[in-house]
Amino acid sequence: MLLTMKEVSKKLDVSEHTIRYYDNIDLIPGVSRNEQGRRVFNEDAVGWLQFIIAFRSTGMPIADVKRYIELTYQGQQTFDERLQMLKTQMSELDDKIKHLNRQREIINTKINNYYEEAQTDQPKNKQPYQKWV
């Protein structure tokens, strides 16, 4: 079953512009055109696009995504290199998550300060960066 650009965009929650861009730089294997010249996506192309979106949303450069796809089509002999790419990306993602969790804790502390201050009649004597307003 072939899907249109609009259907794929909706299914993967990604803009048509992004899909068009990825296709224009030959990043999505399996995209073809129908009789009217419009892009159509088979199941394999949708799967690749889903994977590309995951890679890109975690910060993998387009050149690395292209390299991964190329390696995949080279077959089993590239297994180790592809696995290493995935492990590296996972490690980078874990680092980003740790960083974001630290930032989340800082913001959550500030939110809690607002609630504490709202429940007291007298504001606490805090340094300017600690003030709740």
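Residues numbered from 1 in each chain as written. Predicted model: local features only at pLDDT ≥ 70, side-chain atom pairs only at ≥ 80, totals over all residues. Heavy atoms only, no water.

Participant: Could you clarify how one ought to interpret the pattern of salt bridges in this entry?
Facilitator: Evaluation of the coordinates by the stated rule reveals three salt bridges. A salt bridge links Arg 39 to Asp 23; the nearest nitrogen and oxygen atoms lie 2.5 Å apart. Within this pair, whereas Arg 39 is found in strand S3 (residues 39–41), its partner Asp 23 is found in helix H2 (residues 16–24), the two being separated by 16 residues in sequence. Between Glu 81 and Arg 67 there is a salt bridge whose closest N-O contact spans 3.1 Å. Of the two residues, Glu 81 is situated in helix H5 (residues 79–118) and Arg 67 in helix H4 (residues 62–74); the sequence distance between them amounts to 14 residues. (Salt bridge = Lys/Arg side-chain N within 4 Å of Asp/Glu carboxyl O. Helix = DSSP H or I, 4+ residues; strand = E, 2+ residues; numbered from the N terminus.)

Participant: Sorry if this is basic, but what is going on with the packing of aromatic side chains here?
Facilitator: Geometry of an aromatic ring pair is reported as the spacing of the ring centres plus the angle between the planes. Counting across every chain of the model gives six aromatic pairs. Taking the centre distance of 5.3 Å and the plane angle of 40 degrees together, the rings of Phe 51 and Tyr 68 count as tilted. You can see Phe 51 sitting in helix H3 (residues 43–57) and its partner Tyr 68 sitting in helix H4, a full 17 residues away along the chain. Phe 51 sits in the partly exposed class, given a relative accessible area of 29%. Owing to a relative accessible area of 9%, Tyr 68 belongs among the buried residues under this scheme. Taking 5.3 Å as the distance between ring centres and 85 degrees as the angle between the ring planes, the aromatic pair formed by Phe 55 and Tyr 68 counts as edge-to-face. Residue Phe 55 is located in helix H3, and its partner Tyr 68 is located in helix H4; the two are separated by 13 residues in the primary sequence. Just as Phe 55 is buried, Tyr 68 falls in that class too. A network of ring pairs unites the aromatic residues Trp 48, Phe 51, Phe 55, Tyr 68 and Tyr 73 as a single cluster. (Phe/Tyr/Trp six-rings, centres within 6.5 Å; stacked < 30°, edge-to-face > 60°. Buried < 20%, exposed > 50% of the residue type's maximum accessible area, 1.4 Å probe, protein only.)

Participant: Looking at this structure, how should I read the nonpolar core?
Facilitator: A general feature of soluble globular proteins is that nonpolar side chains tend to end up buried together. Counting residues in each nonpolar core, the largest one holds 23 residues, and the members touching the most others are Val 8, Ile 19, Ile 28 and Phe 41. Elements represented by at least two residues in this core include exactly helix H1 (5–12), H2, H3 and H4. Broken down by element, this core gets its largest block of residues, six residues, from H3. Ignoring sequence-local partners within four residues, the contact set of Val 8 consists of Leu 3, Asp 13, Ile 19, Phe 41, Val 46 and Leu 49. (Core = buried A, V, L, I, M, F, W, Y, C linked by side-chain atoms within 4.5 Å. Contact = heavy atoms within 4.5 Å.)

Participant: Just to check I follow, could you spell out the sheet that holds strand S1 (residues 3–4) for this structure?
Facilitator: Adjacent strands of a sheet pair through backbone hydrogen bonds, lying either parallel or antiparallel. Overall, antiparallel pairing links the three strands, which are arranged S1-S3-S2 in an open sheet. The strands lining the two open edges of the sheet, one partner per strand, are S1 and strand S2 (31–33). (Pairing = 2+ DSSP bridges.)

Participant: What is the right way to read a negative patch on the surface from this model?
Facilitator: Side chains of Asp 64, Glu 92, Asp 94 and Asp 95 sit close together on the surface and give a patch of like negative charge. In terms of residue count, the dominant contributor to the negative patch is H5 (three residues). Topologically, Glu 92 is positioned in helix H5. (Patch = residues over 30% accessible without salt bridge, like charges linked within 9 Å, V, L, I, M, F, W, Y side chains within 5 Å. Areas by Shrake-Rupley, 256 points an atom, 1.4 Å probe, with all protein chains shown as cover. Lys, Arg positive; Asp, Glu negative; His and termini not counted. Charge placed at Lys NZ, Arg CZ, Asp CG, Glu CD.)

Participant: Just checking my understanding: could you explain unusual backbone geometry for this structure?
Facilitator: Keep in mind that most residues, glycine aside, have a negative phi and that most peptide bonds are trans. Even without glycine at this site, Asp 13 takes up a positive phi of about 55 degrees. With respect to the secondary-structure elements, Asp 13 resides in the loop between H1 and H2. Located in the positive-phi region is Asp 26, a residue other than glycine, with phi close to 55 degrees. Looking at the secondary structure, you find Asp 26 in the loop between H2 and S2. Take Asp 26: its relative accessible area is 67%, and that puts it in the exposed class.

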